[in-house]
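# Fold and contact review
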Amino acid sequence: MNKRGRAIRAFFRGIARVQATFEIQIGPIHARGVPAILIGVTGIVVASGVTVMLAKTAERLPETLREARGLTDSIRGHRPPLNP
C-alpha cells in the first residue's frame, strides 16, 4: 500500500507541475495554467467539430467553393471584357 500511495502522490505532483507550467501565447492573448489548458481543450473540440462538419458536407464542398469564387470575382470586379 505504501508504494501505491507514493505512486499516487507522485502522479498528482506531476499533474500539478504540468498545470503550473502549461502556457499558451498567441499574439496578444496569453494564458497560463488552468485557463491555458481549457483553451487547448476547446481548440481540440472545435477542430473535431469542424472535421465532422466537413466530412458530412464533403460532396457539396466543390460547388460551394466554385460559388464562393464567383462571388469574390463579382465583388472585386476583375472580369474580362465581353468583346475582346
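None of the values given here were measured: they were computed from a predicted structure. (Residues numbered from 1 in each chain as written. Predicted model: local features only at pLDDT ≥ 70, side-chain atom pairs only at ≥ 80, totals over all residues. Heavy atoms only, no water.)

## Observations concerning the environment of I37
Relative to the elements of secondary structure, I37 occurs in helix α2 (residues 34–56). In the structure, I37 is positioned 29 residues away from I8 in sequence and 22 Å away in space, judged by C-alpha atoms. If near-sequence neighbours (up to four positions away) are discounted, I37 is found in contact with Q19 and F22. (Helix = DSSP H or I, 4+ residues; strand = E, 2+ residues; numbered from the N terminus. Contact = heavy atoms within 4.5 Å.)

## Some thoughts on the packing of aromatic side chains
Enumeration over the complete set of coordinates arrives at one aromatic pair. Ring geometry for F11 versus F12: centroids 5.5 Å apart, planes at 70 degrees, classification edge-to-face. On the accessibility criterion, F12 (51% relative accessible area) is exposed. (Phe/Tyr/Trp six-rings, centres within 6.5 Å; stacked < 30°, edge-to-face > 60°. Buried < 20%, exposed > 50% of the residue type's maximum accessible area, 1.4 Å probe, protein only.)

## Things to note about the pairing of strand β2 (residues 29–32)
Examined bridge by bridge, strand β1 (residues 23–26) and β2 share four bridges and lie antiparallel to one another. Residue pairing for β2: I26 is matched across the bridge by I29. Between β1 and the antiparallel strand that follows it, β2, lie two residues; G27 among them carries a positive phi value of about 60 degrees. (Pairing = 2+ DSSP bridges.)

## Quick look at a positive patch on the surface
Positive charge collects at one region of the surface, where K3, R6, R9, R13 and R17 lie side by side. Mapped onto the elements, R9 comes out in helix α1 (residues 2–21). (Patch = residues over 30% accessible without salt bridge, like charges linked within 9 Å, V, L, I, M, F, W, Y side chains within 5 Å. Areas by Shrake-Rupley, 256 points an atom, 1.4 Å probe, with all protein chains shown as cover. Salt bridge = Lys/Arg side-chain N within 4 Å of Asp/Glu carboxyl O. Lys, Arg positive; Asp, Glu negative; His and termini not counted. Charge placed at Lys NZ, Arg CZ, Asp CG, Glu CD.)

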